[in-house]
Amino acid sequence: MKATVVPSLFLFALTATTAALASPVQQPGSPGEREIAIPTIDISQETDRHVVIAAGTKDTYHGHATTLLMPDGETMFSVWCLGHGGACGPLKRSDDSGRTWSDLLTVPDNWRQVRNCPAIYRLVDPEGTARLVVFAGQGPGGTMHQSHSDDGGRTWTPMECTGLTTVMPLCTIEPVDGGKRLLGMTNIRRPGETVEKRSNVVAQSFSTDGGLTWSGPWEVVLDIPGCVPCEPWLIRSPDGGQLLCILRENNRSYNSWMMTSDDEGRTWSKARQLPAALSGDRHASRYTADGRLFIAFHDTAQQSPTRNHFAGWVGTYDDIVAGREGQYRVKLLNSHAGSDCGYAAVERLPDDTILATTYVKYRPGPEKRSVVTVRLKLEELNAKK
């Protein structure tokens, strides 16, 4: 089925939000607190935790990986691009919960014609049909493209244009309204911008058919002039009633941002800065069995001992919405290339093992970026505090 924009869905969303939603434009205020008081654990040198999904060479750069764990708790997929924000295409499967990985899987040739940070999801339509979908940020014409699989990832459709112009693909997707719709969020350039050429504003779109089509044009939900909010990540509250959106801030004068929605994404609170302990790029999270959150990210906090490395945070949902620092942080992997790492993917296995995956310059020397997973359990980290 062709992936297309559905204007009528956008009109529905616009009608539902215009009256209640304040202007998405807000002023940044003062920079947030820079200090980090909670402890940081370092497991980056515990190589027995590491699984290399794709090894970089002096000629090959594997970048911006995401992962998907299937409902069986064993089958996983990882997709990435070649070069920094480069051509989409590499895709692998694991049948043993990420311990070993296949050779590259066959995908349509035109996947290489789209680029920038591919993201893979398992999406369920209102009738209960599940599909795997891969999104890529920029195809011909600068539009987001997508491909889907109806057979569990064995075969894939060619990449097709969604009609939505964007910088990134959908960075996060969450079922809303009891699964009747999907909410997808990402960052785009400010519509009509003529001065701030590399602006980023946060926008959202909805799907009512399990991700095959998306409403358009984008609905801008956050614009902070002078700041560059991007790469949203959604977390549903433990009681299910609230959505929390955590955001990268590409203007390093400010911490990362957060905002909440109590009506399934129809309206959003004013954004505020997160503590420095959670300041980073491309957050990804999972709840653990005890109800805590594990969040991985590229650490950007200016006073952090793990700045520019692949890091994690442990705390509760309430810690975040209350503005608390959380319990502790962890250095997951050392980047031998400074800040060029850390686009995170996080999965939780049935035994409560966390798999945190990123692209990173894994070793010193001429090799370029690799895709690497770190395996951990919070009980192991708790013992190291």
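This section reports on the structure supplied with the text. What you see is a predicted model, and the numbers here were worked out from it, not measured in a lab.

1. As for the nonpolar core
Core analysis: the largest hydrophobic core is formed by 39 residues, its most contacted members being Phe294, Ile295, Trp313, Ile320, Leu332 and Leu376. Ranked by residue count, the leading element in this core is strand 19 (residues 293–299), at five residues. Beyond its immediate chain neighbours, meaning those up to four positions away, isoleucine 295 contacts Ile235, Ile246, Leu278, His283, Ala284, Ser285, Ala311, Gly312, Trp313 and Ile320. Core analysis: the second largest hydrophobic core is formed by 18 residues, Cys227, Leu243, Cys245 and Trp268 among them.

2. Re empty space enclosed by the protein
Summed over the entire model, instances satisfying the criterion amount to two cavities of 30 Å³ or more. Here the largest cavity defines a volume of roughly 60 Å³. Taken together, Arg34, Glu249, Arg252, Tyr254, Asn255, Ser256, Ser279, Gly280, Thr300, Ala301 and Gln302 form the lining of the largest cavity. Taken together, the residues that form the lining of the largest cavity break down as two nonpolar, six polar and three charged.

3. Describing the sheet that holds strand 8 (residues 143–149)
Strands sit in the order 6-7-8-9 across an open sheet of four strands; the sheet is antiparallel. With one partner strand each, in any of the chains shown, strand 6 (119–124) and strand 9 (160–165) form the two edges of the open sheet. Ignoring strand direction, the axes of neighbouring strands in this sheet form an average angle of 30°. Pairing between strand 6 and strand 7 (residues 130–136): six bridges, direction antiparallel. Each bridged residue has a counterpart across the sheet, and for isoleucine 120 the counterpart in strand 7 is valine 134.

4. Some thoughts on the environment of asparagine 250
Here asparagine 250 shows up in the loop between strand 15 (243–249) and strand 16 (257–261). When the C-alpha atoms of asparagine 250 and glycine 179 are compared, they prove to be 32 Å apart, with 71 residues separating the residues in sequence. Engagement of the side chain of asparagine 250 in a polar contact is seen with the side chain of arginine 248, the distance being 2.7 Å.

5. Comments concerning unusual backbone geometry
Backbone torsion omega between glycine 216 and proline 217 reads 0°, so that peptide bond is classified as cis. Residue placement: proline 217 occurs in the loop between strand 12 (201–207) and strand 13 (219–222). With phi around 60°, glutamate 264 is a residue other than glycine that occupies positive phi space. Here glutamate 264 is to be found in the loop between strand 16 and strand 17 (272–273). Classification of glutamate 264 as buried rests on a relative accessible area of 16%. A positive phi angle, close to 80°, is found at aspartate 352, a residue other than glycine.

6. Section: the pairing of strand 12
Where burial is concerned, most of strand 12 is hidden: seven out of the seven residues are buried. Of the two faces of strand 12, the one holding Val201, Ala203, Ser205 and Ser207 and the one holding Val202, Gln204 and Phe206 are both buried throughout. Where strand 12 meets strand 13, three bridges bridge the pair, whose relative direction is antiparallel. Within strand 13, the residue paired with alanine 203 across the bridge is valine 220.

7. Observations regarding the layout of surface pockets
By volume, the largest pocket is sized at about 860 Å³. Counting residues per element, the ones that place at least two in the lining of the largest pocket are strand 3 (62–69), strand 6, strand 10 (172–176), strand 14 (229–236), strand 18 (280–287) and strand 22 (345–348). Lining of the second largest pocket is provided by 19 residues; of these, Val167, Met168, Arg189, Arg198 and Tyr343 occupy positions nearest its centre.

8. Some remarks on the pattern of salt bridges
Tallied over the entire structure, the rule returns 26 salt bridges. The residue lysine 377 makes a salt bridge to aspartate 351 at a minimum N-O spacing of 3.9 Å. Highlighted residues: lysine 377 in the loop between strand 24 (370–376) and helix 3 (378–382) and aspartate 351 in the loop between strand 22 and strand 23 (354–360), separated in sequence by 26 residues. You can call lysine 377 partly exposed: its relative accessible area is 22%. Its relative accessible area of 40% is what places aspartate 351 among the partly exposed residues. One salt-bridge network, held together by shared partners, links Glu46, Arg49, Glu380 and Lys384.

Calculation criteria
Along every chain, residues carry numbers that run from 1 in the direction the sequence is written. In keeping with the model being predicted, local features are shown solely for residues with a pLDDT of at least 70 and side-chain atom pairs are shown and tallied solely at 80 or more, while totals for entire chains, interfaces and linings include all residues. Side-chain numbers here rest on the full set of heavy atoms in the structure, without hydrogens or water. As used here, the term nonpolar core means buried Ala, Val, Leu, Ile, Met, Phe, Trp, Tyr and Cys residues forming a set that is joined through side-chain atoms within 4.5 Å. Residue burial is assigned from relative accessible area. The probe radius is 1.4 Å, only protein chains are included, and a residue is buried under 20% of its type maximum, exposed over 50%, and partly exposed in between. For the purposes of this entry, the term helix denotes a DSSP run of H or I that reaches at least four residues, the term strand denotes a run of E that reaches at least two, and both are numbered from the N terminus. Here a residue-residue contact requires only that any non-hydrogen atoms of the pair lie within 4.5 Å. A pocket, in this scheme, is an open set of points on a 1 Å grid over the protein atoms alone with protein on both sides within 12 Å along at least 5 of 7 lines, while a cavity is a set where a 1.4 Å probe fits but cannot get out; residues line either one if an atom lies within 4 Å of a point. Grid points are joined across faces, edges and corners, and a volume is the space filled by probe spheres set on the points. In this classification, the charged set is Asp, Glu, Lys and Arg, the nonpolar set is Ala, Val, Leu, Ile, Met, Phe, Trp, Tyr, Cys and Pro, and all remaining amino acids, among them Gly, are polar. When DSSP locates at least two bridges between a pair of strands, those strands are taken to pair. The angle between two axes is taken between their N-to-C directions and runs from 0 to 180 degrees, where each axis is a line fitted to C-alpha atoms and a helix contributes only its stretch in contact. Each polar contact in these results corresponds to two N or O atoms within 3.5 Å; when the atoms are within protein, one needs to be able to donate a hydrogen and the other to accept it, and residues that are neighboring in sequence are counted only if both atoms are side-chain atoms. In what follows, salt bridge is the name for a side-chain nitrogen of Lys or Arg lying within 4 Å of a carboxyl oxygen of Asp or Glu.

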